[in-house]
Amino acid sequence: MFIRRRKGWEIRESEATPESLFFDRRTLLKGGAVAAAAVGLGLREAFAAPDPSLALYPAKRNEAFTLDRPVTPETVNSHYNNFYEFGSGKDIFDAAQALKIRPWSIKIDGLIEKPQTIAIDDLVKAMPLEERLYRHRCVEAWAMAVPWTGFPLRALIEAAQPLASAKYVRFETFLDRVMAPGQRQFWYPWPYVEGLTMAEAANDLAFLVTGAYGKPLGKQFGAPLRLATPWKYGFKSIKSITRISFVEERPKTFWEQLGPSEYGFWANVNPAVPHPRWSQASEEVLGSRERRPTQIFNGYGDYVAGLYAGLENERLFI
Ligand code: MTE
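All values derive from a computational prediction rather than experimental measurement. Within each chain, residues carry numbers counting from 1 in the order of the written sequence. Predicted model: local features are reported for residues with pLDDT of at least 70 only, side-chain atom pairs are reported and counted for 80 or more only, and whole-chain, interface and lining totals are derived from all residues. To get the side-chain values, all heavy atoms of the structure are used, and hydrogens and water are removed first.

Student: I'd like a description of the overall build of the protein chain, backed by residues and values.
Tutor: In this text, helices come from DSSP runs of H or I with a minimum length of four residues, and strands from runs of E with a minimum of two, each type numbered from the N-terminal end. The helix and strand tally for the protein chain stands at nine helices and twelve strands. Throughout, exposure labels follow a simple rule: accessible area from a 1.4 Å probe, protein chains only, divided by the maximum for the residue type, with under 20% read as buried, over 50% as exposed, and the rest as partly exposed. By residue count, 55% of the 318 residues in the protein chain fall in the buried class. Restricting to contacts in the protein chain with at least 6 residues of sequence separation, those with at least 24 account for 74%. Shrake-Rupley sampling with a 1.4 Å probe provides the accessible areas, and residues are treated as covered by the protein chains on show and by no other component. Approximately 14,000 Å² of the protein chain is accessible, and the part contributed by carbon and sulfur atoms is 56%. Contacts between residues were defined by any pair of non-hydrogen atoms, one from each residue, lying within 4.5 Å.

This is the structure:
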């Protein structure tokens, strides 16, 4: 029954006009808080206390990661998001401002030498922050390019010291039905869960994101901590993480529980393997009228293709 239900992030780009396309960022800044509220930033954000990690941004850019397209304007992708905790449409910006991001702690547990619960501000100070330009490819066939700030997941793994029995990393989002109205929709298997193999998690590209566009991460992007795995479909990039567990069993992920034939565990980008209900051959570049051919592993094959040797019998591209 669930997989028959059409998800918000499956609407075609042509059916949804990103609210942000109507805005001009400079006008917003000039107009101040009242104008900002009027055009969608929201009073809560306009008058919010500064983020305690503000001084850490912007971080130095790691020039190893380059783009084949311009960075998507912040105003565009800040108003075209998937964050089901705050609604199944694209325009969850205002609703997501209810996300309370301090205090915020992350439980790191499971098959490791050093289980701990760490406050986000202690974590960001302990980790080597850098900026990376990454492409992001949603399974729905739209794409964006974002300057994320964060640190390699591998740095956290090294600090956690996994045991040999750990085979997967499992990520979990907060669960708070009062704060997040989407979580009152009982037909979804909350909380949102994602997972990677240990080898995927230790890959250079796997990135824990704490900021974007040279400042702390906006709530709509999944503050204060989200994942970026740019060679995989975007649903793997779990937002607002509260728990990272090292486990032996492959985690049952949120979308896999809802539709295993459509949203699998691996979800690697491949133009030649269509989603059961649409083609993945090309992608809509968010904020432009351009369509580009999809690239295998979203163009990151040099980094990740080797991870899948010997796994040819798995459904690697769904
Ligand atoms: N994480 C949580 N917790 N909840 C979500 O609904 N949506 C996923 C992913 N992470 C989602 C999530 C999907 S489908 C995509 S495409 C990306 O977040 C969207 O990220 P963006 O809104 O920053 O573009």
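Structure shown, so let's carry the discussion forward.
Student: So what about the site of the ligand? Which residues, and what values?
Tutor: Definition of nearness: a residue and a molecule or strand are near each other if at least one heavy atom of the residue lies within 4 Å of the molecule or strand. The immediate surroundings of the ligand are formed by 19 residues, with Tyr-84, Glu-85, Arg-226, Ser-237 and Lys-239 found nearest. Interatomic distance of 2.8 Å between a backbone N/O atom of Ser-237 and a nitrogen atom of the ligand. Contact with the protein chains covers 100% of the free accessible surface of the ligand, which is 540 Å². In a pocket analysis with a 2 Å cut-off to the grid points, the ligand is assigned to the largest cavity. Here the residues of the shell around the ligand sort into ten nonpolar, six polar and three charged. Identification of polar contacts relies on pairs of N or O atoms within 3.5 Å, with a donor-acceptor requirement for protein atoms, meaning one able to donate a hydrogen and the other able to accept it, and with residues adjacent in sequence counted only if both atoms are side-chain atoms. A pocket, in this scheme, is an open set of points on a 1 Å grid over the protein atoms alone with protein on both sides within 12 Å along at least 5 of 7 lines, while a cavity is a set where a 1.4 Å probe fits but cannot get out; residues line either one if an atom lies within 4 Å of a point. A pocket or cavity is taken to hold a molecule when more than half of that molecule's atoms are within 2 Å of the pocket's grid points. Following the grouping adopted for this structure description, the nonpolar residues are Ala, Val, Leu, Ile, Met, Phe, Trp, Tyr, Cys and Pro, the charged ones are Asp, Glu, Lys and Arg, and the polar ones are all others, Gly among them.

Student: How would you sum up the sheet that holds strand S10 (residues 241–247)? Please name residues and give values.
Tutor: Across a sheet, strands are paired by hydrogen bonds formed along the backbone, either parallel or antiparallel in direction. When DSSP finds two or more bridges between two strands, those strands count as paired. If you trace the five strands from one edge of the open sheet to the other, you get S2-S1-S10-S5-S6, paired in mixed fashion. Two strands close off the open sheet at either side, each with one partner strand: strand S2 (116–119) and strand S6 (193–197). Neighbouring strand axes in the sheet, compared pairwise and without regard to direction, differ in orientation by 15 degrees on average. Relative to S6, strand S5 (residues 168–173) runs antiparallel, the two sharing five bridges. When the bridges of S6 are listed, Arg-170 appears paired with Gly-195. Axis lines are fitted to C-alpha atoms, over the contacting stretch for helices. Their N-to-C directions set the angle, which ranges from 0 to 180 degrees. Here helix H6 (residues 153–160) sits on the sheet in contact with strand S1 (105–110), S5, S6 and S10, set at roughly 60 degrees to S10.

Student: Break down the nonpolar core for me, citing the residues and quoting the values.
Tutor: Counting residues in each nonpolar core, the largest one holds 83 residues, and the members touching the most others are Trp-148, Leu-153 and Phe-246. Those residues in contact with Leu-153 that sit more than four places away from it in its chain are Phe-171, Leu-196, Ala-201, Ala-206, Phe-207, Leu-208 and Leu-227. Side-chain atoms within 4.5 Å link the members of a nonpolar core, which is a set of buried Ala, Val, Leu, Ile, Met, Phe, Trp, Tyr and Cys residues.

Student: Please provide a residue-by-residue account of empty space enclosed by the protein, values included.
Tutor: Grid points are joined across faces, edges and corners, and a volume is the space filled by probe spheres set on the points. Taken as a whole and assessed by the stated rule, the structure comprises five cavities of 30 Å³ or more. Reported here for the largest cavity is a volume of approximately 280 Å³. The wall of the largest cavity is formed by 21 residues, among which Asn-82, Phe-83, Gly-234, Phe-235 and Lys-239 lie closest to the centre. Looking at side-chain class alone, the lining of the largest cavity contains twelve nonpolar, six polar and three charged residues.

Student: Quick one: what's the story with the pattern of salt bridges, residue by residue and with numbers?
Tutor: Just to be clear on terms, a salt bridge is a Lys or Arg side-chain nitrogen sitting within 4 Å of an Asp or Glu carboxyl oxygen. In the structure shown here, the tally under the stated rule is 20 salt bridges. Arg-135 serves as the salt-bridge partner of Asp-68, at 3.6 Å between the closest nitrogen and oxygen. Linking Asp-68 in the loop between helix H2 (43–46) and helix H3 (74–77) with Arg-135 in strand S3 (residues 130–137), this pair joins segments that are 67 residues apart in sequence. With relative accessibility at 32%, the residue Asp-68 sits in the partly exposed group. You can call Arg-135 buried: its relative accessible area is 6%.

Student: Run through H6, naming residues and quoting values.
Tutor: Every buried residue of H6 is accounted for by Leu-153, Ala-155, Leu-156, Ile-157 and Ala-160. One or two steps after H6, the chain reaches Gln-161, where phi turns positive at roughly 55 degrees.

Student: Describe in detail the pairing of strand S11 (residues 282–285), supporting the description with residues and values.
Tutor: One ladder, built from two bridges, connects strand S4 (residues 142–152) with S11; its direction is parallel. Bridge pairing in S11 places Trp-142 opposite Glu-284. Both S11 and strand S12 (residues 291–293) contribute to a ladder of three bridges, which runs antiparallel. Each bridged residue has a counterpart across the sheet, and for Ser-282 the counterpart in S12 is Pro-293. Counting the residues between successive antiparallel strands, the hairpin from S11 to S12 contains five residues, one of them, Gly-287, with a positive phi of roughly 85 degrees.

Student: Quick rundown of the packing of aromatic side chains? Include the residues and the values.
Tutor: Where two aromatic rings form a pair, the distance of their centres and the angle of their planes describe that pair. Put simply, two rings from Phe, Tyr or Trp (the six-membered ring, in Trp's case) pair if the centres are within 6.5 Å, and we call them stacked under 30 degrees between planes, edge-to-face over 60, tilted for the rest. This model, assessed by the stated rule, comprises 28 aromatic pairs. With a centroid separation of 5.0 Å and an interplanar angle of 90 degrees, the aromatic rings of Phe-254 and Trp-255 are classed as edge-to-face. You can call Phe-254 buried: its relative accessible area is 0%. Ring geometry for Phe-297 and Tyr-308: centres 5.6 Å apart, planes at 10 degrees, overall stacked. Placement of Phe-297 in the loop between S12 and helix H9 (301–304) and of Tyr-308 in the segment after H9 is noted, with a sequence separation of eleven residues between them. Taken as a pair, Phe-297 and Tyr-308 share a single burial class, namely buried. Members of the aromatic cluster, connected to one another through ring pairs, are Tyr-84, Phe-186, Trp-187, Tyr-188, Trp-190, Tyr-192, Phe-235, Phe-254, Trp-255 and Tyr-263. Sitting above the plane of the Tyr-300 ring, Arg-135 keeps its charged end 4.5 Å from the centroid. Put simply, a charge is over a ring when the Lys NZ or the Arg CZ is close to the ring centre, within 6 Å, and near the line of the ring normal, within 35 degrees.

Honestly, it's all geometry; don't read function into it.
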